[in-house]
Amino acid sequence: MELSSDLLRTFLAVADEGGFTRAAESIHLTQAAVSMQVKRLEQNVGKSLFLREGRKVSLTADGETLISYARRILLLQKEAMGALAKPELTGMVRIGTPDDYAGYLPPILIRFSKTHPKVQVKVLCQPSAELHDMMRKGEVDLILTTANCGTPTGLGTVARMEPLAWVASARHWPEREDPIPLAVFSDGCPVRDNGLAALEAMGKPYRIAYASPSIAGLIAAVGAGLAVGLLASVNTPDNARILGPEEGFPILPPVTLELYTRSGAAVGVLASHFLEVLRNPEGG
């Protein structure tokens, strides 16, 4: 079955103009050529597309079915040609994010590489406060940071409300120790501060067994059964146990992730990929 753009364009002209004569005038063909193309399209699809009543024509039920597809096909062809006609972007885009959110990057970078294969991407994993400083100095083009961490560079876009969880190894029970050993980020992290404040508010004794600026260090301590970790959902190991009120741990509110960008065509596309994946991570 052939659905060429020329035949579909003629079909739409006849449907929109309500007749072959006016359609011929609108697309600058002879009436005989219009009739021939419609007949060819009907032969290709094996259906009658028009009811002919003198000079007036109307769509058959099959014609009504085809018309919406015809419009979408021609629109997609136009969009494809427009996308291919755009000059290919080159250069470098510099991304900054704390390493605890780097788990979201793979699907984002895959999408971006398909649309901008010649743009080099540089990824910097630094604490949120440092990333804001780098943005002000023009050292990064896009940053994903924890809200209220450091001095914002301007209005950011809320990209995601990231759930937090107390986690422990599936084969160890550090939560039974007194005080409870914790694996948390280094000083100055709002996730750490909020988690410790929640434990203190409920009078639960704890000790900082492991503190690290790196998510890898925290996951290692949790996996070894040496401590209870406070992790973002993206970093929670598949085999970890989630600890909640039944185990005596408070439920924490999610942390807000914000996206800040500089101007630039490639940066704008990359930002859209960030928002798509972060707002629908399972579909990313």
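Scroll up to find the structure this text is about.
Not measured: the values here are computed from a predicted model.

Asker: Got a minute to help me understand the pattern of salt bridges in this structure?
Answerer: Pairing is possible between side chains that carry opposite charge, provided their charged atoms lie close to one another. Counted according to the given criterion, the structure contains 10 salt bridges. A salt bridge links Arg71 to Asp16; the nearest nitrogen and oxygen atoms lie 2.8 Å apart. Linking Arg71 in helix α4 (residues 61-85) with Asp16 in helix α1 (residues 5-17), this pair joins segments that are 55 residues apart in sequence. Note on Asp16: relative accessible area 48%, which makes it partly exposed. The shortest N-O distance in the salt bridge between Glu177 and Arg207 comes to 4.0 Å. Taken as a pair, Glu177 in the loop between β7 (164-168) and β8 (180-185) and Arg207 in strand β9 (residues 206-212) lie far apart in primary sequence, 30 residues in all. Arg207 sits in the partly exposed class, given a relative accessible area of 39%.

Asker: Sorry if this is basic, but what is going on with helix α6 (residues 128-136) here?
Answerer: Owing to its 3.6 residues per turn, the α-helix brings residues three or four apart onto one side. Residues Ser128, Leu131, His132, Met134 and Met135 constitute the buried set of α6. Relative to the axis of α6, the buried residues are bounded by an arc of 160 degrees and lie together on one face. Close packing links the buried residues of α6 with β3 (91-97), β4 (119-125), β5 (142-146) and β12 (255-261). Where α6 terminates, the next one or two residues include Gly138, which has phi positive at roughly 75 degrees.

Asker: For this particular structure, what's the right way to read the packing of aromatic side chains?
Answerer: Where two aromatic rings form a pair, the distance of their centres and the angle of their planes describe that pair. On inspection of all chains with the given rule, the structure shows three aromatic pairs. Measuring from centroid to centroid gives 5.4 Å for Phe11 and Phe50, while their planes differ by 50 degrees, and the two rings are tilted. In this pair, Phe11 sits in helix α1 while Phe50 sits in strand β1 (residues 50-53), placing the two residues 39 residues apart along the sequence. Aromatic side chains Phe20 and Phe50 sit 6.3 Å apart centroid to centroid with 65 degrees between the ring planes, which places their arrangement in the edge-to-face category. Linking Phe20 in helix α2 (residues 20-27) with Phe50 in strand β1, this pair joins segments that are 30 residues apart in sequence. Residue classification places Phe50 among the buried positions, given a relative accessible area of 4%. Among the aromatic residues, those joined into a cluster by ring pairs are Phe11, Phe20 and Phe50. Looking at Lys204, its charged tip hangs above the ring of Phe249, at a distance of 5.1 Å from the centre.

Asker: Hey, could you run me through the packing of α1 against helix α3 (residues 31-45) in this one?
Answerer: Helix-helix packing is described using two parameters, namely the angle between the two axes and the distance between the axes. Direction vectors running N to C along α1 and α3 enclose 110 degrees, while the axes themselves pass 9 Å from each other. Viewed along their axes, α1 and α3 adopt a mutual orientation that is roughly perpendicular. Here the hand of the crossing between α1 and α3 comes out left-handed. Here Asp6, Leu7, Leu8, Thr10, Phe11 and Val14 of α1 come into contact with α3, specifically with Val34, Gln37, Val38, Arg40, Leu41 and Asn44. Grouping the amino acids of the contact of α1 with α3 by side-chain chemistry returns seven nonpolar, three polar and two charged.

Asker: In this structure, what is going on with the sheet that holds β7? I would like to understand it.
Answerer: Sheet strands pair by backbone hydrogen bonding; their relative direction is either parallel or antiparallel. Here five strands make up an open sheet; going across it, the order is β9-β8-β10-β7-β11 and the pairing mixed. Only two strands of the sheet have a single neighbouring strand rather than two, namely β9 and β11 (241-243). Across the sheet, the mean angle separating the axes of adjacent strands is 40 degrees when strand polarity is ignored. With four bridges connecting them, β7 and strand β10 (residues 228-232) associate as antiparallel partners. The residue of β10 that forms the bridge with Leu164 is Ala232. Along the sheet face, helix α8 (residues 215-223) touches β7, β8, β9 and β10 and points at about 160 degrees away from the line of β8.

Asker: Can you walk me through helix α7 (residues 190-201) in this structure?
Answerer: With 12 residues, α7 should cover 16 Å at 1.5 Å per step; its first-to-last C-alpha distance of 16 Å lies within 8% of that length. Those residues of α7 that fall on the buried side of the exposure criterion are Pro190, Val191, Arg192, Gly195, Leu196, Ala198 and Leu199. On the buried face of α7, the contacting elements are β5, β7, β8, β9, β10 and β12. After α7 finishes, the residue Gly203 shows a positive phi value of roughly 70 degrees.

The rules behind these values
- Residues numbered from 1 in each chain as written.
- Predicted model: local features only at pLDDT ≥ 70, side-chain atom pairs only at ≥ 80, totals over all residues.
- Heavy atoms only, no water.
- Salt bridge = Lys/Arg side-chain N within 4 Å of Asp/Glu carboxyl O.
- Helix = DSSP H or I, 4+ residues; strand = E, 2+ residues; numbered from the N terminus.
- Buried < 20%, exposed > 50% of the residue type's maximum accessible area, 1.4 Å probe, protein only.
- Arc of directions from axis to C-beta.
- Contact = heavy atoms within 4.5 Å.
- Phe/Tyr/Trp six-rings, centres within 6.5 Å; stacked < 30°, edge-to-face > 60°.
- Lys NZ or Arg CZ within 6 Å of the ring centre and 35° of its normal.
- Axes fitted to C-alpha atoms, helices over the stretch in contact; angles between N-to-C directions.
- Parallel < 35°, antiparallel > 145°, perpendicular 65-115°, else oblique.
- Left-handed = near helix turned anticlockwise from the far one by under 90°.
- Nonpolar A, V, L, I, M, F, W, Y, C, P; charged D, E, K, R; others polar.
- Pairing = 2+ DSSP bridges.
- Expected span 1.5 Å × (residues − 1).

Nothing here speaks to function; it is all geometry.
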